[in-house]
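What the coordinates show
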Amino acid sequence: MTDISKEADFLLQGAAPERYEEIKAHWGEQADRVRLLETEEFLLQHIFGTVQITPKTLDAIWLMGFAVWKAVEAYAGIIRLFVVKGADFDPAVLAQQSWPRLFGQRPAGFKWIPAGLC
């Protein structure tokens, strides 16, 4: 097990610099708060005041954050347009309406099959 408490502090400070002092008050400053376990499984747990995490879990969290940010980039313009126009941004209402597809957008229900499996 490797202590990665300082690295976790840097990540928290980068993620929310304006609230870092508040986070640090809750998170603490002692060593050995976050441990990196060298196993192949997906694991994120809290035991005896220590967060234990694996590299696979860190990779999955990074990938999820990256995907969420790309979604924000993709849909920020349309969300802003709805706000400016005063339109209702209720997904249930929007799903009932017919919308033209964007260039390159797949039709609903499209199933991608890798080329080697065709």
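Please refer to the structure placed before this passage.
Residues numbered from 1 in each chain as written. Predicted model: local features only at pLDDT ≥ 70, side-chain atom pairs only at ≥ 80, totals over all residues. Heavy atoms only, no water.

1. Describing the sheet that holds strand β3 (residues 44–47)
Note: strands within a sheet are paired through backbone hydrogen bonds, in either parallel or antiparallel orientation. Taken together, the four strands give an open sheet; going across it, the order is β1-β2-β4-β3, and neighbouring strands pair in mixed fashion. Unpaired on one side and paired on the other, β1 (2–3) and β3 mark the two borders of the sheet. Across two bridges, the pairing between β1 and strand β2 (residues 34–36) is antiparallel. Paired with T2 across the bridge in β2 is L36. Most of the contacts of helix α3 (residues 55–85) go to strand β4 (residues 50–53), to which it runs at about 85°, and overall it touches β2, β3 and β4. (Pairing = 2+ DSSP bridges. Helix = DSSP H or I, 4+ residues; strand = E, 2+ residues; numbered from the N terminus. Contact = heavy atoms within 4.5 Å. Axes fitted to C-alpha atoms, helices over the stretch in contact; angles between N-to-C directions.)

2. Points about the layout of surface pockets
Quantified by volume, the second largest pocket comes out at close to 490 Å³. Lining the second largest pocket are 15 residues; nearest its centre among them are A8, L11, L12, L58 and I61. Secondary-structure elements contributing two or more residues to the lining of the second largest pocket are α1 (5–15), β4 and α3. Considering every element that reaches the lining of the second largest pocket, the biggest residue donor is α1, with six residues. Among the residues forming the lining of the second largest pocket, the class breakdown is 13 nonpolar, one polar and one charged. (1 Å grid on protein atoms, 1.4 Å probe; cavity = no way out; pocket = protein on both sides within 12 Å on 5 of 7 lines; lining within 4 Å. Points joined across faces, edges and corners; volume = space filled by probe spheres on them. Nonpolar A, V, L, I, M, F, W, Y, C, P; charged D, E, K, R; others polar.)

3. Quick look at the packing of α1 against helix α2 (residues 20–27)
One way to put it is that α1 packs onto α2 with a least axis distance of 9 Å and a crossing angle of 145°. Of the two elements, α1 crosses α2, and the hand of that crossing is right-handed. On α2, the residues touching A8, D9, L12 and Q13 of α1 are Y20, I23 and W27. Class assignment for the residues of the contact of α1 with α2 results in five nonpolar, one polar and one charged. (Left-handed = near helix turned anticlockwise from the far one by under 90°.)

4. With respect to the packing of aromatic side chains
In this structure the tally under the stated criterion is one aromatic pair. Ring centres 5.3 Å apart and planes at 10° place the aromatic pair W62 and F66 in the stacked group. Remark: F66 and W62 occur in helix α3; sequence separation between them is four residues, near one turn of the helix. Looking at W62, the relative accessible area reads 57%, which means it is exposed. (Phe/Tyr/Trp six-rings, centres within 6.5 Å; stacked < 30°, edge-to-face > 60°. Buried < 20%, exposed > 50% of the residue type's maximum accessible area, 1.4 Å probe, protein only.)

5. Focus: the pairing of β4
Neither face of β4 is left uncovered, since the one carrying T50 and Q52 and the one carrying V51 and I53 both have all their residues buried. Bridging between β2 and β4 involves three bridges; their strand directions are parallel. Considered in β4, the bridge of L36 is made with I53. Pairing of β3 with β4, which is carried by four bridges, proceeds in the antiparallel orientation.

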